[in-house]
Amino acid sequence: MDSVCGNCSYDNPLGAKFCMSCGQQLLTGGSLRDTQSNEPTADSPALPDESADGPQGMFVVRKGQKRGSRIALDLDRVTIGRHPESDIFLDDITVSRRHAEIHRTATGFEVSDAGSLNGTYINRKLVEKASLADGDELQVGKFKLVYVALGDDE
C-alpha cells in the first residue's frame, strides 16, 4: 500500500503507521484511528466517535515528532509504545516497546505504566497508575501529550 501521507504528501517508509512529517495516521488497511495535525474547527468535530459509550477524550502532542497532532481515545484500552502495533506508536528509543496503557473507566481515563524502562510521568511526577484530569501532561520518553477531556455540551 502507498506510504504517501494524504495530509501533507510526505513520502514515508513502507510499513509506517504515522506520517513522519505531520503525524497523520497513514492508510494501511484494517481499522483506522483518527489522528489529525490541525486544530478543531466548526467543520472538523472532536476526534472521538461521539456515539461511543463512556467518557470521551484525546491527547494533543505537545512535544515530539508528531507535535500538534490530536489522538483520539476511542477504545476502552489504548496501548502506547515503540512497538509498531501500539495504538499510539511513538518511534523513539526513549520509549519502551510496550510503555504504557490508557484504560477508560466509568468516570474518565486512567494511565498505567506497562513496565517501561524510563517510566511514565503525569505532570512531571513518576506514576505506576493514575487517573487523568483535563489538562494533565503525560510524558512517555521524550514525548509530551496533553490530555483533553471531552464532555457533553448538551
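Analysis parameters
- Residues numbered from 1 in each chain as written.
- Predicted model: local features only at pLDDT ≥ 70, side-chain atom pairs only at ≥ 80, totals over all residues.
- Heavy atoms only, no water.
- Helix = DSSP H or I, 4+ residues; strand = E, 2+ residues; numbered from the N terminus.
- Polar contact = N/O pair within 3.5 Å; in protein donor to acceptor, adjacent residues only side chain to side chain.
- Contact = heavy atoms within 4.5 Å.
- Pairing = 2+ DSSP bridges.
- Phe/Tyr/Trp six-rings, centres within 6.5 Å; stacked < 30°, edge-to-face > 60°.
- Buried < 20%, exposed > 50% of the residue type's maximum accessible area, 1.4 Å probe, protein only.

**Student:** I tried to follow the side chain of serine 96 on my own but got confused; where do I start?
**Tutor:** Here serine 96 lies in the loop between β5 (88-89) and β6 (100-104). A distance of 3.1 Å separates a polar side-chain atom of serine 96 from the backbone nitrogen of leucine 117. Leave out the neighbours within four places in its chain, and serine 96 touches Gly81, Arg82, Ser116 and Leu117.

**Student:** Sorry, what's going on with the sheet that holds β6 here?
**Tutor:** Strand pairing in a sheet takes place through backbone hydrogen bonds and is either antiparallel or parallel in direction. Overall, mixed pairing links the five strands, which are arranged β5-β4-β6-β7-β10 in an open sheet. Each end of this open sheet is capped by a strand with a single partner; those strands are β5 and β10 (129-132). Where strand β4 (residues 77-81) meets β5, two bridges bridge the pair, whose relative direction is parallel. Among the inter-strand pairings, glycine 81 is bridged to a residue of β5, identified as phenylalanine 89.

**Student:** Could you clarify how one ought to interpret the side chain of threonine 79 in this entry?
**Tutor:** Note that threonine 79 resides in strand β4. In this structure threonine 79 touches Glu85, Ser86, Asp87, Ile88, Ala100 and Glu101, once residues within four positions along its chain are discounted.

**Student:** Looking at this structure, how should I read the packing of aromatic side chains?
**Tutor:** The relative placement of two aromatic rings is captured by the distance of their centres and the angle of their planes. On inspection of all chains with the given rule, the structure shows two aromatic pairs. Judged by centre distance (6.1 Å) and plane angle (65°), the ring pair of phenylalanine 59 and tyrosine 147 falls under edge-to-face. Of the two residues, phenylalanine 59 sits in strand β2 (residues 56-63) while tyrosine 147 sits in strand β12 (residues 143-150), which places them 88 residues apart along the sequence. For the pair shown, phenylalanine 59 and tyrosine 147 are each scored as buried. Pairing phenylalanine 109 with tyrosine 147 gives two aromatic rings, centres 6.0 Å apart and planes at 65°, and the pair type is edge-to-face. Taken as a pair, phenylalanine 109 in strand β7 (residues 109-113) and tyrosine 147 in strand β12 lie far apart in primary sequence, 38 residues in all. Since its relative accessible area comes to 2%, phenylalanine 109 is described here as buried. The exposure class of tyrosine 147 is buried, given its relative accessible area of 3%. By way of ring pairs, the aromatic residues Phe59, Phe109 and Tyr147 are connected into one cluster.

**Student:** When you look at the pairing of β7 in this model, what are you seeing that I'm missing?
**Tutor:** Taken residue by residue, a regular strand's side chains alternate between the two faces of the sheet. For β7, the tally of buried residues reaches four of five residues, placing the bulk of the element in the interior. Two strands pair when backbone bridges link them, and β6 and β7 are joined in this way by five bridges, in the antiparallel orientation. Looking at β7, one finds that isoleucine 102 is bridged to valine 111. Hairpin connection, β6 to β7: the antiparallel pair is bridged by four residues. Taken together, the four bridges between β7 and β10 define a ladder with antiparallel strand orientation. Paired with phenylalanine 109 across the bridge in β10 is leucine 132.

**Student:** Help me out: how do you make sense of unusual backbone geometry in this one?
**Tutor:** Among all residues save glycine, negative phi is the norm, and among peptide bonds the norm is trans. The backbone phi angle of asparagine 123 is positive, close to 50°, even though this residue is not glycine. A positive phi angle, near 70°, is found at arginine 124, a position not held by glycine. Tracing the sequence through the fold places arginine 124 in the loop between β8 (120-122) and β9 (125-127). For arginine 124, a relative accessible area of 68% gives the class exposed.

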